[in-house]
Amino acid sequence: QVHLVESGGGLVQPGGSLRLSCDASGSISSINLMGWYLQAPGKQRELVAVIGSDGSTNYADSAKGRFTISKDNGKNTVYLQMNSLKLEDTAVYYCHADVERVGVRGRYFYWGQGTQVTVSS
């Protein structure tokens, strides 16, 4: 089994910064992609940013220029540095991983439990 554990959410004022972390653990052979999604109340979950095994990244338009996704391969950890936070960034942020598991064929997809980010004055 594979587990994703997020941390780093919290309450921040507009214009502030937060850094989210997601640790992937378990029977992981390799990680194809890790990313962050957000879900605001009453809305669908949507992409924030993803990073591939080669370090390539993709961002939602709302995140470009403000958020940076990065990873530590040695730790199977992905980070989301969020700067210049806005009220509309308030949401639950979920970590997602596309992995290959030890001894098992195929690709597997996992979600973390989510971490709340609240931007409020």
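Figured I'd write up the structure that's included with this text. (Residues numbered from 1 in each chain as written. Predicted model: local features only at pLDDT ≥ 70, side-chain atom pairs only at ≥ 80, totals over all residues. Heavy atoms only, no water.)

The two faces of a sheet get side chains in turn, since along a regular strand they alternate between them. Where strand E1 (residues 2–7) lies against strand E3 (residues 18–26), 6 bridges are found, and the strand directions are antiparallel. Following the sheet pairing, Ser-7 is matched in E3 by Ser-21. (Pairing = 2+ DSSP bridges. Helix = DSSP H or I, 4+ residues; strand = E, 2+ residues; numbered from the N terminus.)

Strands sit in the order E1-E3-E8-E7 across an open sheet of 4 strands; the sheet is antiparallel. Looking at strand neighbours, the two that pair on one side only are E1 and strand E7 (67–72), the edges of this open sheet. Strand-to-strand twist of the sheet, defined as the mean angle between neighbouring strand axes without regard to direction, takes the value 15 degrees. (Axes fitted to C-alpha atoms, helices over the stretch in contact; angles between N-to-C directions.)

All right, on to the state of the cysteines then. Simply put, disulfide is the name for a covalent bond between the sulfur atoms of two cysteines. One pass over the full model with this rule turns up 1 disulfide. The side chain of Cys-22 participates in a disulfide bridge whose partner is Cys-95; the two sulfur atoms lie 2.1 Å from each other. On the sign convention where negative means left-handed, the S-S torsion of about -85 degrees between Cys-22 and Cys-95 marks this disulfide as left-handed. Of the two residues, Cys-22 is situated in strand E3 and Cys-95 in strand E9 (residues 91–101); the sequence distance between them amounts to 73 residues. Owing to a relative accessible area of 0%, Cys-22 belongs among the buried residues under this scheme. Judged by relative accessible area, Cys-95 falls into the buried class, the value being 0%. (Disulfide = S-S within 2.5 Å. Buried < 20%, exposed > 50% of the residue type's maximum accessible area, 1.4 Å probe, protein only.)

Function cannot be read off these values alone, since they describe shape.
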